[in-house]
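Below are the chains, spelled out letter by letter.
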Amino acid sequence: MKNISTPLLNWYSHYKRDLPWRHTKDPYKIWLCEIIMQQTRVAQGLAYYNKFVERFPSPSALAKASEDEVLKLWQGLGYYSRARNLHAAAKSMKGKFPSTYEGVRALKGVGDYTAAAICSIAYNMPYAVVDGNVYRVLSRVFGIDTPIDSTEGKKQFAQLAQEQLDQKHASDYNQAIMDFGATVCTPQTPQCAGCPLSKQCIARRDNRAEELPVKEKKTKISTRYFHYIYAVQGDFIYLHKRGAGDIWQNLYELPLIETPTEEKPKVAWLKGAKLAEAGTLKHVLSHQVIYGTIYKVQLPPSVKLPSEFIKIKSADLKKYAIPRLVQKLLANIKKI
Ligand code: SF4
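Residues numbered from 1 in each chain as written. Predicted model: local features only at pLDDT ≥ 70, side-chain atom pairs only at ≥ 80, totals over all residues. Heavy atoms only, no water.

## Let's talk about the overall build of the protein
Item 1. Across its full length, the protein holds 13 helices and seven strands.
Item 2. Counting only C-alpha atoms, the protein reaches 75 × 45 × 35 Å along its principal axes.
Item 3. Across the 336 residues that make up the protein, the buried fraction comes to 49%.
Item 4. For the protein, long-range pairs separated by at least 24 residues make up 69% of all intrachain contacts whose partners lie at least 6 apart in sequence.
Item 5. When the accessible surface of the protein is totalled, it reaches about 17100 Å², and 52% of it is carbon and sulfur.
Item 6. Of note, the protein has its 49 positive side-chain charges centred 5 Å away from the centre of its 30 negative side-chain charges. (Helix = DSSP H or I, 4+ residues; strand = E, 2+ residues; numbered from the N terminus. Buried < 20%, exposed > 50% of the residue type's maximum accessible area, 1.4 Å probe, protein only. Contact = heavy atoms within 4.5 Å. Areas by Shrake-Rupley, 256 points an atom, 1.4 Å probe, with all protein chains shown as cover. Lys, Arg positive; Asp, Glu negative; His and termini not counted. Charge placed at Lys NZ, Arg CZ, Asp CG, Glu CD.)

In structure tokens form, the structure reads like this:
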């Protein structure tokens, strides 16, 4: 069996990235970092990590905040269920971050990967992480074609990752393989020349690095058409709080009409008032492409909107957590 831990630890001691959460062993901060960094670029996540640590320095501080405040601080980062889970998990901690693997794994929003990352990095517990970087490095070095999203593949890679883990240096080893995948063994054009694993790498030998890892299923992408109404009534505008069962749960948005195609929306409560279109933006999420259009309309004082809409002073809009698409569309309103 090949052993990649020694060269990876060696590589890490020279090339590890200097990130703020690498200067702490506080499991709470490492958890914050792990949740924030899921599906997020380091450069973007860094600012959010600093904001969260400063505003909520402990589990109790986070637990005491309102969900609206947590979502507002999270605004712009996407995948808002992470913020809601973060808040719910902090409440469940009763002031103390769990100290066992089982306790960490039981936190809302924490799966196998995150539990292994927190327990190894904070407590040096011998749990191997398996994320996209680890799948890539292992599939290439060991030349494994088993799809990483199949039941068999998940089992095979989890076992291999655990076998390769340096039990005494679990914290450094896990961070080493993830950093290595993110900076050297990258999805496109990996830096095979000069790679410390190149001599034992099957993908390098067979010149098929970019074919690995293999995925079974293609993600199904749906297209949606959102029409937002910036309805002005004197000093006031209207908002709507999104509900469960769809994207952006509990975030605020302008009154929305969703149509199955690009057609213009028909809105009964507008009673024939003229919509001034102020632009369309394409917004790409992991499973959806949204075409968002914004319209401005001046409502006479006599018009009453359905009760699902909240009437706010337009100057107060900045106090609400709103999705990035709506933020960008609102910038267009200023232009008309
Ligand atoms: S030789 Fe290339 S493909 Fe193999 S581990 Fe190194 S960077 Fe990745």
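More follows now that the structure is in view.
## Examining the sheet that holds strand β2 (residues 236-241)
Sheets are built from strands paired through backbone hydrogen bonds, the pairs being either parallel or antiparallel.
Item 1. Read across the sheet, three strands follow the order β3-β2-β7 without closing on themselves; strand pairing throughout is antiparallel. If you trace the sheet from one side to the other, it starts and ends with β3 (252-253) and β7 (309-313), each paired once.
Item 2. Pairing between β2 and β3: two bridges, direction antiparallel. Looking at β3, one finds that Lys241 is bridged to Tyr252. (Pairing = 2+ DSSP bridges.)

## Some thoughts on unusual backbone geometry
Item 1. In the segment running from Leu212 into Pro213, the intervening peptide bond is cis, with an omega of 0 degrees.
Item 2. With respect to the element layout, Pro213 can be found in the loop between α12 (202-205) and β1 (222-232).
Item 3. Phi is positive for Tyr79, which is not a glycine, with a value near 45 degrees.
Item 4. Relative to the helices and strands, Tyr79 resides in the loop between α5 (67-74) and α6 (81-92).
Item 5. Notably, Trp248 is not glycine yet its phi reads approximately 60 degrees, a positive angle.
Item 6. Following the sequence through the fold, Trp248 ends up in the loop between β2 and β3.

## Topic: the packing of α5 against α6
Item 1. Between α5 and α6, the shortest axis-to-axis distance is 9 Å and the interhelical angle comes to 135 degrees. Between α5 and α6, the interaxial angle falls into the category oblique. In terms of crossing hand, the pair formed by α5 and α6 is right-handed. Two secondary-structure elements touch here, α5 through Glu67, Val70, Leu71 and Trp74 and α6 through Arg82, Ala83, Arg84, Leu86 and His87.
Item 2. Residues that form the contact of α5 with α6 fall into these classes: five nonpolar, one polar and three charged. (Axes fitted to C-alpha atoms, helices over the stretch in contact; angles between N-to-C directions. Parallel < 35°, antiparallel > 145°, perpendicular 65-115°, else oblique. Left-handed = near helix turned anticlockwise from the far one by under 90°. Nonpolar A, V, L, I, M, F, W, Y, C, P; charged D, E, K, R; others polar.)

## Regarding the domain arrangement of the protein
Item 1. In terms of domains, the protein is made up of domain 1 (5-211) and domain 2 (222-333).
Item 2. One C-alpha centre belongs to domain 1, the other to domain 2; they are set 36 Å apart.
Item 3. For the pair domain 1 and domain 2, the summed buried surface comes to about 960 Å²; carbon and sulfur atoms form 43% of the total.
Item 4. Broken down residue by residue, the surface that domain 1 buries against domain 2 is led by Gln75, Tyr80 and Arg84, which jointly contribute 43%.
Item 5. Inspection of the domain 1/domain 2 interface yields one salt bridge.
Item 6. Viewed at the interface, domain 2 and domain 1 are joined by seven residue pairs in polar contact (both at pLDDT 80 or more). (Domains from an automatic or database assignment. Buried area = accessible area lost by both parts, 1.4 Å probe. Salt bridge = Lys/Arg side-chain N within 4 Å of Asp/Glu carboxyl O. Polar contact = N/O pair within 3.5 Å; in protein donor to acceptor, adjacent residues only side chain to side chain.)

## Quick notes on the layout of surface pockets
Item 1. The volume enclosed by the largest pocket comes to roughly 1800 Å³.
Item 2. Together, 45 residues line the largest pocket, and Tyr113, Val130, Asp131, Gly132 and Asn133 are the ones closest to its centre.
Item 3. The biggest single contributor to the lining of the largest pocket is helix α9 (residues 132-141), with five residues.
Item 4. Considered class by class, the residues forming the lining of the largest pocket number 22 nonpolar, 11 polar and 12 charged. (1 Å grid on protein atoms, 1.4 Å probe; cavity = no way out; pocket = protein on both sides within 12 Å on 5 of 7 lines; lining within 4 Å. Points joined across faces, edges and corners; volume = space filled by probe spheres on them.)

## Here's the deal with the packing of aromatic side chains
Item 1. Overall, the coordinates contain 13 aromatic pairs when judged by the stated rule.
Item 2. Measuring from centroid to centroid gives 5.9 Å for Trp11 and Tyr15, while their planes differ by 35 degrees, and the two rings are tilted. Placement of the pair is Trp11 and Tyr15 together in helix α1 (residues 5-15), with a separation of four residues, close to one helical turn.
Item 3. The exposure class assigned to Trp11 is buried, which follows from its relative accessible area of 10%.
Item 4. Between Tyr28 and Trp31 the ring centres are 5.8 Å apart and the planes differ by 45 degrees, which places this aromatic pair in the tilted class. (Phe/Tyr/Trp six-rings, centres within 6.5 Å; stacked < 30°, edge-to-face > 60°.)

## A look at the packing of helix α3 (residues 42-55) against α5
Item 1. Running from N to C, α3 and α5 point in directions that differ by 150 degrees, and their axes come no closer than 10 Å. In this view, α3 runs roughly antiparallel relative to α5, as classed from their interaxial angle. On α5, the residues touching Tyr48, Lys51, Phe52 and Arg55 of α3 are Glu69, Val70, Leu73 and Trp74.

## Here we look at the sheet that holds β1
Item 1. What the four strands build is an open sheet, ordered β4-β1-β6-β5; its pairing is mixed. Strand pairing shows two members of the sheet lacking a second neighbour, β4 (256-259) and β5 (276-284), which therefore form its edges. The mean inter-strand angle of the sheet, taken between neighbouring strand axes irrespective of direction, is 20 degrees.
Item 2. Of the pairings in the sheet, the one linking β1 to strand β6 (residues 288-298) comprises 11 bridges and is parallel in character. For Val232, the partnering residue across the bridge sits in β6 and is Gln298.

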